[in-house]
Amino acid sequence: MNRALDGVCMIETMRTVLALLLVGACTKATPDHSEPPPTPPGPITPHIDAGVVDAVADAPSDTTTSSDPTAIKPLAMAGPYKRIDDSCAAARPCGFTDMDANGSYTTPAKTPDCDAVLDQSRDPIGQVPTTINRTGTTAQLWRLVGKDNDEIRIGGVRCAEPKGMRGESSEHYVFVHRKDGWWRTEQPMMSWSYNEKYCGGGMYVLWNDKGPRTIIGIAAGHNCLACGKQGYSESITELMVRVETGGTKPLVFAPLVVGTRDKTWRMDEFSGPGVDPKMLNEPDCKLGGSATSLTEKWPSDDEVILSGGTGTGGPVDTTIKIGVDAPLAAPGRYRFVR
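### A short note on the overall build of the protein chain
Argument step 1. Within the protein chain one finds 4 helices and 19 strands.
Argument step 2. Each of the 338 residues in the protein chain was classed as buried or not, and the buried ones make up 50%.
Argument step 3. Put simply, of all contacts in the protein chain between residues at least 6 apart along the chain, 68% involve residues at least 24 apart.

Dropping the structure here:
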């Protein structure tokens, strides 16, 4: 989702990366639990500038960009807390610990499970989605930014599941560490929920620093067995998130959905045993995929113009459920407001 200085757009760059890379497993780096690590791990792709102001200061004269810009407002933040442990412990619990005879969940969790926030090797979403990379690449879920080495972290609270169930759920927040302590978005930015025997999740993250702000490109994936277990199917939601760590409190702006892509492929396309061709010929087995990525231009540091696609959505200030259709942002002009 990132654009080079020559004007190639941020989202087109993510589209190129997604087109070139393929299937992943995971081992994850473990940052320090309470303070920013001294040196972040190397990026999985070269960093590319995003949000660079374009040479043309005005939007095209078509009807999709001529109206007043849509405001992108910051999400509510909780903090500051002395330690990240305290910040996560104040988040809402999620999930249930029991189930009744009718199969309905009972007994809501009383405390949040912060293990994956404190130790990202425990995050089930901490690997790159399968259709992006097949070499076991780990997602880079945190980054140090600015002269003060502030930390931005994408942290997942694992949701409780009754014993014996194969469900796996998590809610992912944005955490920011500064000199005054740890801040957290009040509500999760993304969530995952799936049967871990047949499905999984992942993230591909690009970090782009420009002065006082960071633009994060997130490809959030959800995959499952398909075609009678003879193939896999994965959907990816591409998000653009802007974070500013300065000021009286950090700002995490509501994300924009700037791309969606789906793919279904044979289990033996990359590796594994042969497949039953009869299952691949079933009507509900549709091999192949589709992709839509918006193009962006930046008339100024606080404005972005999106074009392409037929989306009707806008900034998302509620939790985005990955794997469930999220509305693609509508073409037009957007302004980050404080």
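### Observations concerning the state of the cysteines
Argument step 1. Applying the stated rule across the entire model yields 4 disulfides.
Argument step 2. What pairs with Cys199 in a disulfide is Cys224, and their sulfur atoms sit 1.9 Å apart. Because the torsion about its S-S bond is 105 degrees, the bridge between Cys199 and Cys224 counts as right-handed. One end of the pair, Cys199, is in strand S10 (residues 199–210); the other, Cys224, is in strand S11 (residues 213–226), with 25 residues separating them in the sequence.
Argument step 3. The disulfide partner of Cys227 is Cys285, and the S-S distance across this bridge is 2.0 Å. Residues Cys227 and Cys285 are joined by a disulfide whose S-S torsion is about 85 degrees; by sign, that bridge is right-handed. Of this pair, Cys227 sits in the loop between S11 and strand S12 (231–244) while Cys285 sits in the loop between helix H4 (277–280) and strand S15 (288–293), placing them 58 residues apart in sequence. Neither Cys227 nor Cys285 differs from the other in exposure class; each is buried.

### Considering the sheet that holds strand S17 (residues 303–307)
Argument step 1. Read from one edge of the open sheet, 4 strands run S1-S19-S17-S16, paired in mixed fashion. What marks the edges here is a single partner per strand, and that holds for strand S1 (70–72) and strand S16 (295–300). With strand direction ignored, the average angle separating the axes of adjacent strands in the sheet is 30 degrees.
Argument step 2. By the bridge criterion, 4 bridges tie S17 to strand S19 (residues 332–336) in an arrangement that is antiparallel. Each bridged residue has a counterpart across the sheet, and for Ile305 the counterpart in S19 is Arg333.

### Comments concerning the confidence of the model for the protein chain
Argument step 1. Overall, the prediction assigns the protein chain a mean pLDDT of 82, with 78% of residues at 70 or greater.
Argument step 2. The model gives residues 1–49 a pLDDT under 50, and that stretch makes 156 contacts with residues more than four places away or in other chains.
Argument step 3. Every residue in residues 56–65 is under pLDDT 50, and counting partners more than four places away or in other chains gives 14 contacts.

### As for the environment of Val176
Argument step 1. Along the chain, Val176 turns up in strand S7 (residues 167–178).
Argument step 2. Given the relative accessible area of 0%, Val176 is considered buried.
Argument step 3. Put simply, Val176 and Glu151 are 25 residues apart on the chain and 5.6 Å apart in space, counted from C-alpha to C-alpha.
Argument step 4. Those residues in contact with Val176, other than ones at most four positions away along the chain, are Glu151, Gly181, Trp182, Trp183, Val243, Thr245, Pro250 and Val252.

### Points about the nonpolar core
Argument step 1. Among the nonpolar cores identified, the biggest contains 49 residues, and Met190, Met203 and Ile218 are the most heavily contacted of them.
Argument step 2. Top contributing element to this core by residue count: S11, with 5 residues.
Argument step 3. Leu118, Val157, Cys159 and Tyr173 belong to the second-largest nonpolar core, a separate cluster that totals 12 residues.

### A few points about unusual backbone geometry
Argument step 1. Backbone torsion omega between Gly79 and Pro80 reads 0 degrees, so that peptide bond is classified as cis.
Argument step 2. Considering the arrangement of structural elements, one finds Pro80 in strand S2 (residues 77–81).
Argument step 3. The phi torsion at Thr107 lies on the positive side, around 55 degrees, for a residue other than glycine.
Argument step 4. For Thr107, the location among the structural elements is in strand S4 (residues 105–108).
Argument step 5. Since its relative accessible area comes to 41%, Thr107 is described here as partly exposed.
Argument step 6. At Lys229, a residue that is not glycine, the phi angle is positive and equals roughly 65 degrees.
Argument step 7. Relative to the helices and strands, Lys229 is located in the loop between S11 and S12.

Criteria and cut-off values
Residues numbered from 1 in each chain as written. Predicted model: local features only at pLDDT ≥ 70, side-chain atom pairs only at ≥ 80, totals over all residues. Heavy atoms only, no water. Helix = DSSP H or I, 4+ residues; strand = E, 2+ residues; numbered from the N terminus. Buried < 20%, exposed > 50% of the residue type's maximum accessible area, 1.4 Å probe, protein only. Contact = heavy atoms within 4.5 Å. Disulfide = S-S within 2.5 Å. Pairing = 2+ DSSP bridges. Axes fitted to C-alpha atoms, helices over the stretch in contact; angles between N-to-C directions. pLDDT = per-residue confidence, 0-100. Core = buried A, V, L, I, M, F, W, Y, C linked by side-chain atoms within 4.5 Å.

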